[in-house]
Amino acid sequence: MRRLLLIICFFSLFAAAAPAQAASNEICFQQVPDCLTFRFASFWRDNGGLAVFGLPLSPAKNEQVGDQKYKVQYLERARFELHKENAKPYDVLLGLLGADRLAAQGRDWQTFPKADPSAPHYFAETGHAIAPQFWGFWSSNGLEFDGNKKAKSPAESLALFGFPISEPQMEPGSDGQMYLTQWFQRAKFEYHPENKAPYDVLLGLLGADAYHAAPQQSQPAGKPAKAIGCAPNAPAIAEGA
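This one's a predicted model, so the numbers in the text were calculated from it and none came from an experiment.

**Notes on the packing of helix H5 (residues 132–140) against helix H6 (residues 154–161)**
Move 1: Between H5 and H6, the shortest axis-to-axis distance is 8 Å and the interhelical angle comes to 100°. The angle between the axes of H5 and H6 places the two elements in the roughly perpendicular class. Residues Phe137, Trp138 and Ser139 of H5 form the contact with H6, whose participating residues are Pro154, Ser157, Leu158 and Phe161.
Move 2: For the contact of H5 with H6, the per-class residue count stands at five nonpolar, two polar and no charged.

This is the structure:
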């Protein structure tokens, strides 16, 4: 009888430990119901986390992007796209939300005034130069491709933010105040001189804008306010980009 009880206890402990091992592939948050899972979770964790991408706003789901369908997930500042046809680390790509949001506003970035080609940090690909206020942030952040975590290459910065597609100009922020703003293929930079560096450069919530503008965002009836069976295990929220 004692041996039988020991066997039952052993298998009970094993069963309780199994979900915890599966949950190691998930990153969950107390603030939102959806988790980052598997490849999206590791990509989020390895390339800037909360400061760069923000919180998830949707579950991972299949969605039409251009003429192809991919698994995507919306975050506050980005849209992750899973491209299985690409080898890591290029299997997760970021949506061109900067260009998309300008188009949604009826603004064709290709008609914007161009920079002087002799200007510092000029990119002939788009005809724009990154403003001095934004260059340090752009050049010191990027996706992790080459294994050198102490510095970011131009290719890594391009993969995260893309090329500049506007000149810096004053535009209203989400709070209605005017800020020096510059648009990139995948981001919108705002200069907040009232903040101490590095928080004087903030990223617009383009992922949230794109998510709420999409037509199919109604939540299913009865969806729980918080994730169930997916314990919050993300780092504490901190002010960041």
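**Observations concerning the packing of aromatic side chains**
Move 1: Following the criterion strictly, the structure yields 15 aromatic pairs and no others.
Move 2: Ring centres 5.1 Å apart and planes at 80° place the aromatic pair Phe43 and Phe80 in the edge-to-face group. Placement of Phe43 in helix H2 (residues 38–46) and of Phe80 in strand S5 (residues 79–82) is noted, with a sequence separation of 37 residues between them. An identical accessibility class is assigned to Phe43 and Phe80; each is buried.
Move 3: Taken together, the ring pairs in this structure connect Phe134, Phe137, Phe161, Phe184 and Phe189 into an aromatic cluster.

**Looking at the sheet that holds strand S3 (residues 61–65)**
Move 1: The four strands are arranged S3-S4-S5-S6 in an open sheet whose pairing can be described as antiparallel. The sheet is open, and its two borders are formed by S3 and strand S6 (92–94), each paired with just one other strand. Strand after strand, the sheet turns through a mean of 45° between neighbouring axes, direction not considered.
Move 2: With four bridges joining them, strand S4 (residues 68–74) and S5 adopt antiparallel strand pairing. Paired with Lys71 across the strands is Leu82, a residue of S5.

**Describing the nonpolar core**
Move 1: Within the largest apolar cluster, 35 residues are counted, with the highest numbers of intra-cluster contacts made by Phe29, Trp44, Phe53, Phe80, Leu94, Phe161 and Phe189.
Move 2: Within the residue set of this core, elements represented by two or more residues are H2, helix H3 (49–53), S5, S6, H5, H6 and strand S12 (201–203).
Move 3: Looking at this core, the element that brings in the most residues is H2, giving four residues.
Move 4: For Phe161, the residues in contact, after removing those within four places along its chain, are Phe137, Trp138, Asn141, Phe184, Gln185, Arg186, Ala187, Phe189 and Leu203.
Move 5: Grouped together as the second largest cluster of nonpolar side chains are 16 residues, Leu57, Tyr74, Leu97 and Leu206 included.

**Points about the sheet that holds strand S11 (residues 188–191)**
Move 1: Within the open sheet, the four strands sit side by side as S9-S10-S11-S12. Their pairing is antiparallel. Two strands bound the open sheet, and with one partner strand each, they are strand S9 (169–172) and S12. On average, each strand axis in the sheet is inclined to that of its neighbour by 45°, with strand direction left out of account.
Move 2: Where S9 lies against strand S10 (residues 178–183), four bridges are found, and the strand directions are antiparallel. The residue of S10 that forms the bridge with Gln169 is Thr181.
Move 3: Sitting on the sheet, H5 touches S10, S11 and S12, and the angle it makes with S11 is about 125°.

Basis of the calculations
- Residues numbered from 1 in each chain as written.
- Predicted model: local features only at pLDDT ≥ 70, side-chain atom pairs only at ≥ 80, totals over all residues.
- Heavy atoms only, no water.
- Axes fitted to C-alpha atoms, helices over the stretch in contact; angles between N-to-C directions.
- Helix = DSSP H or I, 4+ residues; strand = E, 2+ residues; numbered from the N terminus.
- Parallel < 35°, antiparallel > 145°, perpendicular 65-115°, else oblique.
- Contact = heavy atoms within 4.5 Å.
- Nonpolar A, V, L, I, M, F, W, Y, C, P; charged D, E, K, R; others polar.
- Phe/Tyr/Trp six-rings, centres within 6.5 Å; stacked < 30°, edge-to-face > 60°.
- Buried < 20%, exposed > 50% of the residue type's maximum accessible area, 1.4 Å probe, protein only.
- Pairing = 2+ DSSP bridges.
- Core = buried A, V, L, I, M, F, W, Y, C linked by side-chain atoms within 4.5 Å.

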